[in-house]
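For reference, the chains in residue letters:
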Amino acid sequence: MLSVLILAAGEGTRMKSDLPKVLHTAAGKALVEHVLDAVAPCGGQVGVVLGRGADTVKNRLAARKGLTFFIQKKRRGSGDAVRPAARWLARRGGDVLVLCGDAPLVRTETIRALARHHRREKNAATLLTAEVADPSGYGRIRREQGRPVAIVEHKDASPDEQRVREINSGTYCFRVRDLLDGLRRLRPNNAKGEYYITDVVGYLVGRGRPVGALCLPNGDEILGVNNRRELAEAAQRLNRRTLNQLMDGGVTIVDPASTFVDAGVRIGPDTVIEPQTFLSGHTRIGARCRIGPMTRLTDCRVGDGVRLDATMGENARVDSGARVGPWTRLRPGAVVGRDAHVGNFVELKKARLGVGAKVNHLSYLGDAVVGPKTNVGAGVITCNYDGYQKYATQIGAGAFIGSNVNLVAPLRVGSGAVVGAGSTLTKNVPAGALAVERSATTVKPGWAKKRRLIKLRTSHG
Ligand code: UD1
Ligand code: CA
């Protein structure tokens, strides 16, 4: 039987934040969500120990099934944190993977390898460790005859021990019985006056129990986030990991340093992501697209061969072959049909453009349907809101809406209809009709010339 326990009750003092530390976001997910996602495929029931801001964390994780929460009332150290879960663990028996909620880089394969190693060696405890260039702040692994015999916290380490570069990741696999036995013996006699889970290791070794370690060749996966600098570092590494996966899958990332993609984003091959682009949430992008520069998409769906330039999109859909931007805003419910064009300074909200439709300049379309091949001229506005309610505008296929037209909704313009420039329409237009709402043009020959002469005379007089 395998259980998983995530320690996430720490005070997070060094973050200097009102938000519980494990809810701080890196690469689109809270720190603890990264850890939960990494352990999920390993099987085993998952327990999470919460402390400060427990309700806030629980709310955030409410959608995740099968988590058991424990509350550590007083935060007295990582060893003390296991205690609220002791009965749950005792009942389940077997082995338990213990992870820190503030170490978001640990990968599923590594956790699996740790559990395998632990079982193969029939250990009481197996530590996940790594050799790093700069071990400061981390617990050091003390070895004798090659075997790990204790973990010494940075603050408690002698100068000799501080030189050790093998560090404790904070991820462990324990035999439940040995862990619980060890916890009962913990004493807070260390620099911080806390009950350290790491002291269980020395205790078990002293009792002659088998303790082992799986040592990673570098520290890529074990960065623990204790302050904002480490948060930024973790976010950057997580982002780089996602970008590398995308590049391995045939996506060109022109400038990885200015491209930010959440782990849940999918992109098809031969798509090029230009600099300063942010792709978040469940955004899906097809093949052979060119996205960016300066584009931000959240939960958007983009087909194949789409060109999106300087576009801000949220919950929007852009079908294959469409061209959008630059400087376009696609708000929730915007749908840009196949081969449609949307140009500069256009805002779409709950607006569906049909196949090959064009809205090329300076328009706002809200709560609207635009038929295939219809051309919407510059500066067209759907007046969809009367201050109380929203109303719909429907434009048929192959229509032509002249520039600077106000379509006062609710309104229908039939297929093939033409609306003259500058009109403010409050009546439906049947298919094939022309609608113009505009006072007649008055032309007075010579008027301007005469006026100029009068003005000249009076200013010289
Ligand atoms: C801990 C390890 C250290 C390791 C490092 C890896 C201990 C004593 N030290 O140090 O060897 O190198 O992680 O990142 O464990 N927690 C609680 N309740 C508490 C205290 C802590 O739940 O009362 C949780 C924290 O939320 C965190 C984890 O335990 O997830 C570790 O605590 P933290 O204070 O961050 O320990 P570090 O100093 O980082
Ligand atoms: Ca930590």
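Sequence order as written defines residue numbering, which begins from 1 separately in each chain. Chains and ligands are labelled by the order in which they are written, letters from A for the one and numbers from 1 for the other. Note on the predicted model: pLDDT of at least 70 is required for a residue's local features to be given, and 80 or more for side-chain atom pairs to be given and counted; whole-chain, interface and lining totals, by contrast, use all residues. Excluded from the side-chain calculation are hydrogens and water; included are all heavy atoms of the structure.

1. Comments concerning the nonpolar core
At step 1: Residues grouped as a nonpolar core are buried Ala, Val, Leu, Ile, Met, Phe, Trp, Tyr and Cys residues, joined through side-chain atoms within 4.5 Å. Between buried and exposed lies partly exposed: a residue is buried under 20% and exposed over 50% of the maximum accessible area for its type, with that area taken using a 1.4 Å probe on protein chains only. Ranked by internal contacts, the top residues of the largest apolar core, which has 49 residues, are L279, V336, L348, L365, I401, L407 and V413.
At step 2: Within the residue set of this core, elements represented by two or more residues are α9 (228–248), β28 (346–353), β30 (364–370) and β36 (411–413).
At step 3: Helix and strand assignments come from DSSP, with helices taken as H or I runs of at least 4 residues and strands as E runs of at least 2, each series counted from the N terminus. Looking at which element gives the most residues to this core, the answer is β28, with four residues.
At step 4: We call two residues in contact whenever any of their non-hydrogen atoms come within 4.5 Å of each other. The residues touching L407, leaving out its near neighbours within four places in the chain, are V380, I381, T382, C383, T393, I395, I401, V413 and L425.
At step 5: I6, V39, L128 and A234 belong to the second-largest nonpolar core, a separate cluster that totals 45 residues.

2. Section: helix α10 (residues 447–460)
At step 1: A helix is expected to span 1.5 Å multiplied by its residue count minus one. When the terminal C-alpha atoms of α10 are compared, their 20 Å separation across 14 residues agrees well with the 20 Å that a helix rising 1.5 Å per residue should span.
At step 2: Within α10, only zero of the 14 residues are buried, leaving the element largely exposed.

3. Section: the pairing of strand β29 (residues 358–361)
At step 1: Each pair of strands is called paired provided DSSP finds at least two bridges between the two strands. Relative to β29, strand β27 (residues 341–344) is paired through three bridges, and the arrangement is parallel. The residue bridging N344 from the neighbouring strand is H361, located in β29.
At step 2: As judged from the two bridges shared by β29 and strand β31 (residues 375–376), these two strands associate in the parallel manner. Pairing of V359 across the sheet is with V376, part of β31.

4. Some points on the domain arrangement of the protein
At step 1: An automatic or database domain assignment supplies the start and end points of every domain. Looking at the assigned domains, one finds that the protein contains domain 1 (2–222) and domain 2 (310–435).
At step 2: Relative placement of domain 1 and domain 2: their C-alpha centres are 55 Å apart.

5. Considering the site of ligand 1
At step 1: The full set close to ligand 1 counts 24 residues, and L7, Q72, S78, E153 and N168 are the nearest of them.
At step 2: Residues adjacent in sequence count toward polar contacts only when both atoms are side-chain atoms; beyond that, a polar contact is any pair of N or O atoms within 3.5 Å, and within protein one must be able to donate a hydrogen and the other to accept it. In the model, an oxygen atom of ligand 1 is placed 2.9 Å from a nitrogen or oxygen of the G10 main chain.
At step 3: The protein chains hide 93% of the 750 Å² of surface that ligand 1 would expose on its own.
At step 4: Of all the secondary structure elements, the ones that give two or more residues to the shell around ligand 1 are β1 (2–8), α3 (78–82) and β10 (166–175).
At step 5: Here the residues of the shell around ligand 1 sort into eight nonpolar, 10 polar and six charged. The rule for a residue being near a molecule or strand is that one of its heavy atoms must lie within 4 Å of it. Here the Shrake-Rupley method, with its probe set to 1.4 Å, supplies the accessible areas, and only the displayed protein chains count as covering residues. Polar here means any residue outside two lists: the nonpolar Ala, Val, Leu, Ile, Met, Phe, Trp, Tyr, Cys and Pro, and the charged Asp, Glu, Lys and Arg; Gly therefore counts as polar.

6. Looking at helix α8 (residues 199–206)
At step 1: If you check which residues of α8 are buried, you get V200, V201, Y203 and L204. In an axial view of α8, the angular spread of the buried residues amounts to 165 degrees, which keeps them on one side of the axis.
At step 2: Those residues of α8 that are buried are in contact with β7 (125–131), β9 (147–152), β10, α7 (176–184) and β11 (211–216).
At step 3: G208 occupies a position one or two residues after α8 and carries a positive phi of about 75 degrees. Directions pointing from the helix axis toward each C-beta atom define the arc.

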